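A closer look at the structure
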Amino acid sequence: IRDDLVTGVQTCALPIYVIQPGLNDIRLHFTEVMELPLLNSSQPLLDVTVLSAGHEVGNFGHIFVNGYGISPNQRGYNVPIIQADGTFRAANFDTHLDPAASTALAGFINTAPPDAVIAITAADEASANLSEAAVLALHSIGATGDLRGCFRCSHAMTSQSGKASEALAPFRPVGVTTGLGLTEPTVAAVVDRIW
């Protein structure tokens, strides 16, 4: 292996017998890993990753902060509000079965401080009792999608100061991230590409 310390490029030679026609697997093994900090006021918020899957395509609503799972991961909308000091509040709103959940969801979103990161993920099914008030609350923080009429759809979103990243799909899982897309708190390396 040759390292170019200026560009960060590592080059290695592979024996010809390990490469087969078609698709080849490459596995990277690292001797050391670093554990990212859980949220606290002295550590920066490095990464928020939100993953959503409706019932038929995975049935989950994961939210990871610095690789740590903080989502209630229950049916409906799962929403943590992550504040600048590292504290967070997470709640679940079963907008599938509970007619009062939409009002509670809208109220919860409206309590978020202006500089907080709001992460939103739909798990299983979140459309059946989703109200206009809940959709307007989601749109007030930057959402453009609307799950009403989209049975068991996936919906993932992050929002901070009105700037949102959002993904919505009826037939596949979706995800958004503010950084590297971490789903575990241990990191060995960041690999930009392999060629």
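Residues numbered from 1 in each chain as written. Predicted model: local features only at pLDDT ≥ 70, side-chain atom pairs only at ≥ 80, totals over all residues. Heavy atoms only, no water.

A few words now on the overall build of the protein. In terms of helices and strands, the protein carries 2 helices and 13 strands. In terms of overall dimensions, the protein has C-alpha extents of about 60 × 45 × 25 Å along its principal axes. Counting over 195 residues, the protein shows a buried share of 38%. Contacts in the protein between residues far apart in sequence, at least 24 positions, make up 55% of those at least 6 positions apart. For the protein, the accessible surface area stands at approximately 11,200 Å², while carbon and sulfur atoms represent 55% of it. Positive and negative charge centroids in the protein, built from 9 and 18 side chains respectively, lie 5 Å apart. (Helix = DSSP H or I, 4+ residues; strand = E, 2+ residues; numbered from the N terminus. Buried < 20%, exposed > 50% of the residue type's maximum accessible area, 1.4 Å probe, protein only. Contact = heavy atoms within 4.5 Å. Areas by Shrake-Rupley, 256 points an atom, 1.4 Å probe, with all protein chains shown as cover. Lys, Arg positive; Asp, Glu negative; His and termini not counted. Charge placed at Lys NZ, Arg CZ, Asp CG, Glu CD.)

Here we come to the nonpolar core. Core analysis: the biggest nonpolar cluster contains 27 residues, and Y77, V79, L105, I120 and L147 have the highest contact counts within it. Of all the elements, helix 1 (residues 101-110) adds the most residues to this core, at 5 residues. Filtering out sequence-adjacent residues up to four positions away, L105 remains in contact with Y77, V79, F93, T95, L130 and A134. The next biggest cluster of nonpolar side chains, apart from the first, holds 13 residues, and it includes V65, V117, A119 and A169. (Core = buried A, V, L, I, M, F, W, Y, C linked by side-chain atoms within 4.5 Å.)

Let's shift gears to a nonpolar patch on the surface. Together, L14, I16, Y17, V18 and I19 make up an exposed nonpolar region whose accessible area comes to about 570 Å². With respect to the secondary-structure elements, V18 resides in the loop between strand 2 (9-11) and strand 3 (34-35). Judged by its relative accessible area of 40%, V18 is partly exposed. (Patch = residues over 30% accessible without salt bridge, like charges linked within 9 Å, V, L, I, M, F, W, Y side chains within 5 Å. Salt bridge = Lys/Arg side-chain N within 4 Å of Asp/Glu carboxyl O.)

Here the structure, examined in full by the defined rule, presents 5 salt bridges. A salt bridge links R27 to D25; the shortest N-O distance between them is 3.9 Å. For the pair shown, R27 and D25 are each scored as exposed. For E132, the salt bridge goes to R148, with nearest N and O atoms at 2.7 Å. Of this pair, E132 sits in helix 2 (residues 132-140) while R148 sits in the loop between helix 2 and strand 10 (154-160), and the two are 16 residues apart along the sequence. Using a relative accessible area of 33% as the deciding quantity, one classes R148 as partly exposed. Three or more residues joined by partner-sharing salt bridges are found here, namely E132, D146 and R148.

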